[in-house]
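Chain by chain, the residues:
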Amino acid sequence: MKHHLNKIKPESKWVDSNPIPLLNCIKEKRKVFIDYKSFRENKTKNYEVHPKLLREYDSRWYLIGYVPDRKLHLTFGLERIVDAIYTEQRIDSDVHFDAMAFFRFSIGITETKGNTKAEKITLRMKPIPGRLLKTQPLHNSQKVTKETDEYTLIGHVVLKLNVLIEIFFIMA
């Protein structure tokens, strides 16, 4: 089952929940019905989900699954799943999911949908944050392009930028 888990950081706040039923549904290609309360809308919605992957990022666990009604893959924070029904119903037509491609231009769990194109950006920072980003890259496309006593230039970071990532950089 390890290829259905995608761990990014070691500790998780989601330790008191049991991931086994959800992992079994991923492995056995069974449908899950969830009631989900997102941060964007403060109301609960129902989803039929064809679960593909559990991924941990920044001490939170996420379910990535195909939602037939929306005809796309969505990401659900497990702590915001209000209720779940793990069915014995097999997934009829399995839509291919490539985790590497899905998160190729992402930082963490955020995936930009639609026609947003990846952008090449350059980050200029003081030496200490620059050294930190050399040892803990934001993204696998990151390369140090110039380093001086005053600053570090991290260039060729290829990302799809969106509001969530912009908020991440403002808060950092």
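Note that this is a predicted model, so its numbers are computed, not measured.

(A) Main features of the side chain of Thr87. Tracing the backbone shows Thr87 in strand β6 (residues 81-90). Thr87 gets classed as buried once you look at its relative accessible area, which sits at 9%. When neighbours within four sequence positions are excluded, Thr87 is seen to be in contact with Cys25, Arg30, Lys31 and Phe33.

(B) Summary view of the confidence of the model for the protein chain. Put simply, the protein chain has an average pLDDT of 77, and 75% of its residues get 70 or more. Every residue in residues 7-16 is under pLDDT 50, and counting partners more than four places away or in other chains gives 18 contacts. Under a pLDDT of 50 for its full length, residues 160-172 has, in the predicted model, 18 contacts with residues more than four places off or in other chains.

(C) Unusual backbone geometry, seen in detail. Located in the positive-phi region is Lys29, a residue other than glycine, with phi close to 55°. Of note, Lys29 is situated in the loop between α1 (20-27) and β2 (30-37). Looking at Lys29, the relative accessible area reads 39%, which means it is partly exposed. A positive phi angle is found at Ser59, which is not glycine, with a value near 65°. Structurally, Ser59 is set in the loop between β3 (44-57) and β4 (60-67).

Conventions adopted
- Residues numbered from 1 in each chain as written.
- Predicted model: local features only at pLDDT ≥ 70, side-chain atom pairs only at ≥ 80, totals over all residues.
- Heavy atoms only, no water.
- Helix = DSSP H or I, 4+ residues; strand = E, 2+ residues; numbered from the N terminus.
- Buried < 20%, exposed > 50% of the residue type's maximum accessible area, 1.4 Å probe, protein only.
- Contact = heavy atoms within 4.5 Å.
- pLDDT = per-residue confidence, 0-100.

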